[in-house]
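Coordinate analysis (summary)
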Amino acid sequence: MKINILHAGYCTAPEHIAIHGGRWRTIHFPAMFALFRHPQFGAMLFDTGYSYRFFDETKKFPKRFYRWMTPVTLHEEELAINQLSTFDLRPQDISHIFISHFHADHITALPDFPAARFVYLPHAFGHLRGLSPSEDMKHAFLRGLIPSDFDSRSQEVDINKTILLSEEYAPFKTGYDLLGDQSLIGVELPGHAHGQMGIFARDESGQVFFFVADAAWLKQSIVENRPPHKVANFLFPDPEAYRKTLKDLQTFYFTHPETHVVPSHCEATIRAMEKL
Ligand SMILES: [Zn+2]
């Protein structure tokens with residue numbers, strides 16, 4: 001399998017919110033997505049980055065607050081559909097999109113891929129189904145981003161089919177074999193959002209990537225076990241689980257130095273990975 005790490009757009013936010021003790025300056029948070037080209041399953045994505053739909057969906061109040069909280073910059077050539085052409089791929093070539101969680105910066109381009117199956121942990125979307133529109137903002141959920149045929153194209157992860165993970169993944173003990181061939185292993189990373197899923201992926205040269213989504217916004221948070229400012233706890237459904245996940249990531253990072261740990265919004269990490 002070939003793996004490419006890309007991003008579509010970025011938002012800005014204060015560093016001291018993203019990491020405890022961070023500087024009082026605004027930094028960029030690129031919206032990462034990954035392209036997997038699998039010999040059997042073809043082209044697949046992990047998340048999608050931003051698309052222009054984010055701006056359409058946040059025109060009116062109260063959703064306009066979303067835009068104010070995280071001002072977004074997006075260039076046309078960065079759109080996932082446009083970057084695919086570099087790889088000789090068309091939008092309809094994407095067979096699966098693995099969704100880490102349903103915050104807008106991870107799903108805005110879902111409607112651009114007409115043939116993709118959507119793979120995610122059931123509780124990542126389950127709690128959003130029953131929300132009234134007035135509760136959307138509390139969950140950073142923009143329901144207009146969900147394609148109208150979302151349910152019929154969904155392939156929820158069967159959470160009754162966990163696999164025991166080898167020492168190679170410690171301290172993560174159980175996961176999900178997302179394609180049945182062990183090429184993509186999903187693990188739950190609780191705390192930041194309901195049912196957040198990270199993915200282990202190995203490329204054809206044997207390099208292992210661990211996509212940790214928003215379990216940490218910056219690699220430095222993992223290395224130093226430094227969570228965000230406590231004001232960010234208001235955004236998280238389970239701040240205590242967030243801390244536990246961050247600690248597990250730190251343990252993993254130091255015991256598996258050969259694995260590329262990739263948070264979805266860490267600019268330094270993503271820039272380094274895009275050059276690989
Ligand atoms: Zn995010």
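Bear in mind that the values here come from a model prediction, so they are computed numbers and not experimental data.

**Concerning the overall build of the protein**
A count of helical and extended segments in the protein gives ten helices and twelve strands. For 276 residues, the compact-globule estimate of 2.2 N^0.38 gives 19 Å, and the C-alpha radius of gyration of the protein, at 17 Å, lies within 12% of that figure. Each principal axis of the C-alpha distribution contributes one length, and for the protein these read about 45 × 40 × 40 Å. For the protein, the residues scored as buried account for 40% of the 276 residues in total. Within the protein, contacts between residues at least 6 apart in sequence are counted, and of these 63% link residues at least 24 apart.

**Here's the deal with the environment of Arg37**
Mapping Arg37 onto the fold places it in strand S2 (residues 26–38). Residues Arg37 and Phe87, 50 residues apart in the sequence, show an inter-C-alpha distance of 9.8 Å. Ignoring sequence-local partners within four residues, the contact set of Arg37 consists of Met1, Lys2 and Ala43.

**Concerning helix H9 (residues 239–255)**
In a regular helix each residue adds 1.5 Å, so 17 residues correspond to 24 Å; H9 covers 25 Å between its end C-alpha atoms and thus fits that length. Those residues of H9 lying buried are Tyr242, Thr245, Leu246 and Leu249. Down the axis, H9 shows its buried residues gathered within 100 degrees of arc, on one side only. Residues Glu240, Phe254 and Thr255 are exposed on H9 and point more than 90 degrees away from its buried face. Of the surrounding elements, those touching the buried residues of H9 are strand S11 (208–213), helix H8 (219–223) and strand S12 (260–263).

**What about the sheet that holds strand S4 (residues 72–73)?**
Backbone-to-backbone hydrogen bonds join strands into a sheet, with any given pair of strands oriented parallel or antiparallel. Spatial ordering of the open sheet is given by S4-S1-S2-S3-S5-S6, a layout of six strands whose pairing is mixed. With one partner strand each, in any of the chains shown, S4 and strand S6 (117–119) form the two edges of the open sheet. Examined bridge by bridge, strand S3 (residues 42–46) and strand S5 (residues 94–98) share four bridges and lie parallel to one another. Looking across to S5, one finds that Leu45 is bridged to Ile97.

Criteria and thresholds
- Residues numbered from 1 in each chain as written.
- Predicted model: local features only at pLDDT ≥ 70, side-chain atom pairs only at ≥ 80, totals over all residues.
- Helix = DSSP H or I, 4+ residues; strand = E, 2+ residues; numbered from the N terminus.
- Rg over C-alpha atoms; globule rule 2.2 N^0.38 Å.
- Buried ≥ 20, exposed ≤ 12 C-beta atoms within 10 Å, placed from the backbone.
- Contact = placed C-beta atoms within 7 Å.
- Expected span 1.5 Å × (residues − 1).
- Arc of directions from axis to C-beta.
- Pairing = 2+ DSSP bridges.

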